[in-house]
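Take a look at the letters that make up each chain.
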Amino acid sequence: YAMNSVVIGSSSMSGVLGTPAIDSNNTLYFGTEDGYLVATNTSGELLWETTLDASIRSSVAIDEMNGLLYIGTKDDEKSKLIALAISSGELQWEYEPGGDVYSSPSIGDNGRIYVGSESRYLHAFDSTGEEVWKVHLSQDITWPSPTIDSKGIIYLGGMGGKIYAIQTDSTGLMPGPWSKIHQNNQNTGF
């Protein structure tokens, strides 16, 4: 067993609490507690870095078809779901749900982005940032991240012990390298 280790990012960055995501070009994306979204190659070479001015505890969902990354931030009532350009980290759109977004977005094969927030809403957006719908749930869903089965049902855990099943017009996850936390429904990503 051989183990290689590479330090990615600067020593001045604070903690990385979300799972890193990898696209089809082996670019690695991760957020930091001090508000940086970072893109590196797998050798640790910095490709770009964007300041989001809020803690990041969410993991990135990658939408290669539209050239976008989606990630949530933690900044109390100013928390956001943010879309950034894959190529540069440039802000494309943002939405404030009224509470922290630790939940990692999932992308359906219909192109919709699904994410929960501290405000107890599960939100659905299109790739332009337009909110398509939202549903209020009876429990806090700040941390749990949605997954989508092949019938388009989103499963999402609640902080009070419930599991929600919500029908969508999707028929599964968007094909691609990382359309939800841990890559896919089998969680084969690291």
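So, here's what we can say about the structure. (Residues numbered from 1 in each chain as written. Predicted model: local features only at pLDDT ≥ 70, side-chain atom pairs only at ≥ 80, totals over all residues. Heavy atoms only, no water.)

## Focus: the side chain of Ser 106
Here Ser 106 is to be found in strand β9 (residues 106-107). Side-chain polar atoms of Ser 106 contact the backbone oxygen of Pro 146, separated by 2.3 Å. Setting aside its immediate chain neighbours within four residues, Ser 106 contacts Arg 112, Ile 113, Tyr 114, Pro 146, Thr 147, Ile 148, Leu 173, Ser 179 and Lys 180. (Helix = DSSP H or I, 4+ residues; strand = E, 2+ residues; numbered from the N terminus. Polar contact = N/O pair within 3.5 Å; in protein donor to acceptor, adjacent residues only side chain to side chain. Contact = heavy atoms within 4.5 Å.)

## Focus: the packing of aromatic side chains
For any two aromatic rings, the description comes down to two numbers: the centre-to-centre distance and the angle of the planes. Counted according to the given criterion, the structure contains five aromatic pairs. Ring centres of Tyr 29 and Trp 48 lie 6.1 Å apart, and the angle between their planes is 45°; this geometry places the pair in the tilted category. Here Tyr 29, found in strand β2 (residues 27-31), pairs with Trp 48, found in strand β4 (residues 46-51); they are 19 residues apart in sequence, far enough to count as distant. A single burial state applies to Tyr 29 and to Trp 48, both of which are buried. Considering the side-chain rings of Tyr 114 and Trp 133, the 5.9 Å spacing of their centres and the 45° angle between planes classify their relative orientation as tilted. In this pair, Tyr 114 is assigned in strand β10 (residues 113-116) and Trp 133 in strand β12 (residues 131-136), connecting sequence segments 19 residues apart. Taking relative accessible area as the criterion, Tyr 114 reaches 0% and is therefore assigned buried. (Phe/Tyr/Trp six-rings, centres within 6.5 Å; stacked < 30°, edge-to-face > 60°. Buried < 20%, exposed > 50% of the residue type's maximum accessible area, 1.4 Å probe, protein only.)

## As for the pairing of strand β15 (residues 163-167)
A one-sided burial pattern is seen for β15, the buried positions being Tyr 164 and Ile 166 and the unburied ones Ile 163, Ala 165 and Gln 167. Strand direction decides the pairing type here: strand β14 (residues 153-157) and β15, joined by five bridges, are antiparallel. Directly across from Gly 157, in β15, lies its bridge partner Ile 163. (Pairing = 2+ DSSP bridges.)

## A word on the layout of surface pockets
Quantified by volume, the largest pocket comes out at close to 150 Å³. If you trace the largest pocket, you find it lined by Thr 51, Leu 52, Asp 53, Ala 54, Thr 73, Asp 75, Lys 78, Lys 80, Ile 82, Leu 84, Leu 91 and Glu 94. Taken together, the elements giving at least two residues each to the lining of the largest pocket come down to β7 (81-85) and β8 (91-95). A breakdown of the residues in the lining of the largest pocket according to their chemical character gives five nonpolar, two polar and five charged. (1 Å grid on protein atoms, 1.4 Å probe; cavity = no way out; pocket = protein on both sides within 12 Å on 5 of 7 lines; lining within 4 Å. Points joined across faces, edges and corners; volume = space filled by probe spheres on them. Nonpolar A, V, L, I, M, F, W, Y, C, P; charged D, E, K, R; others polar.)

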